Amino acid sequence: MKESNRLHKLGDLQLRILQLLWQRGEMPAAAVHAALQPERPLAPTTIATMLGKMEARGLVEHRESGRAFIYRAAVDAGEVTRGLGDYFVQRLFAGSVTGAVMHLVRTGEVSRRELDELEKLIKNEKRRAK
């Protein structure tokens, strides 16, 4: 599977599992289940199955500790963010970064502080592009 496909085709549960692993590092499947239980009352076998599918796709890795499988993310957060962001811009805005930013600024609730940060970012990127 192409790298971009692997990263932009994440379901909500897969993304949430990755977020947990990025925050906490390594976790046994049972701890992943326990952490998700308040927001997603799923069976432990559902989480174990999902972790197995994610491992087959190269999203997570495991090591064995006794009878437990200890999972960790095999992709970093920045890699996934870039993959999802690129897919979003390509699919919804035909590759136009300007279109995507304009949409987010005009339709979202953007604070003055966030606009200032965007302005600084644009200025810095312009300097780098010279």
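The coordinates are above.
Residues numbered from 1 in each chain as written. Predicted model: local features only at pLDDT ≥ 70, side-chain atom pairs only at ≥ 80, totals over all residues. Heavy atoms only, no water.

With that out of the way, let us pick up the side chain of Q14. Within the element layout of this structure, Q14 appears in helix α2 (residues 12-24). Classification of Q14 as buried rests on a relative accessible area of 10%. Each residue touching Q14, except ones within four places of it in the same chain, is listed here: K9, M50, M54 and R57. (Helix = DSSP H or I, 4+ residues; strand = E, 2+ residues; numbered from the N terminus. Buried < 20%, exposed > 50% of the residue type's maximum accessible area, 1.4 Å probe, protein only. Contact = heavy atoms within 4.5 Å.)

With that settled, the discussion passes to unusual backbone geometry. Phi at A94 is positive, roughly 50°, even though this residue is not glycine. As for its placement among the helices and strands, A94 is situated in the loop between α5 (77-93) and α6 (97-107). Taking relative accessible area as the criterion, A94 reaches 66% and is therefore assigned exposed.

It is worth spelling out the pattern of salt bridges at this point. One pass over the structure, following the stated rule, counts 8 salt bridges. Notably, a salt bridge pairs R72 with E61, separated by 3.2 Å at the nearest N-O pair. In this pair, R72 sits in strand β3 (residues 68-73) while E61 sits in strand β2 (residues 60-65), placing the two residues 11 residues apart along the sequence. Connected through salt bridges with shared partners, the residues E26, E61, R63 and R72 form a single ionic network. (Salt bridge = Lys/Arg side-chain N within 4 Å of Asp/Glu carboxyl O.)

Right, let's get into the nonpolar core. Ranked by internal contacts, the top residues of the largest apolar core, which has 19 residues, are I17, L18, L21, V32, L36 and M54. Among the secondary structure elements, those contributing two or more residues to this core are α2, α3 (29-36) and α4 (44-56). In contact with L36, other than residues within four places in its own chain, are L13, R16, I17, L20 and I47. (Core = buried A, V, L, I, M, F, W, Y, C linked by side-chain atoms within 4.5 Å.)

Here we take up α2. Every α-helix carries 3.6 residues per turn, so stepping three or four residues along brings you back to the same face. Here α2 spans 18 Å end to end across 13 residues, near enough to the 18 Å set by a 1.5 Å rise per residue. Regarding α2, the residues found buried are L13, Q14, R16, I17, L18, L20 and L21. Structurally, α2 contributes buried residues whose contacts are with β1 (27-28), α3, α4, β2, β3 and α5. G25, located one to two residues past α2, shows a positive phi value of around 80°. (Expected span 1.5 Å × (residues − 1).)

Moving on, we come to the environment of R127. Along the chain, R127 turns up in helix α7 (residues 112-129). With 15 residues separating them along the chain, R127 and R112 place their C-alpha atoms 23 Å apart. Only 2.9 Å separates the side chain of R127 from the side chain of N124, close enough to count as a polar contact. (Polar contact = N/O pair within 3.5 Å; in protein donor to acceptor, adjacent residues only side chain to side chain.)

Further remarks concern a positive patch on the surface. On the surface, a cluster of positive charge is contributed by K123, K126, R127 and K130. What makes K126 exposed here is its relative accessible area of 58%. (Patch = residues over 30% accessible without salt bridge, like charges linked within 9 Å, V, L, I, M, F, W, Y side chains within 5 Å. Areas by Shrake-Rupley, 256 points an atom, 1.4 Å probe, with all protein chains shown as cover. Lys, Arg positive; Asp, Glu negative; His and termini not counted. Charge placed at Lys NZ, Arg CZ, Asp CG, Glu CD.)

We now examine the packing of aromatic side chains. The tally for this structure, following the rule as stated, stands at 2 aromatic pairs. Summarising the aromatic geometry, the rings of F69 and Y71 are spaced 6.4 Å apart at their centres and angled 55° between planes, so their arrangement reads as tilted. Classification of F69 as partly exposed rests on a relative accessible area of 33%. (Phe/Tyr/Trp six-rings, centres within 6.5 Å; stacked < 30°, edge-to-face > 60°.)

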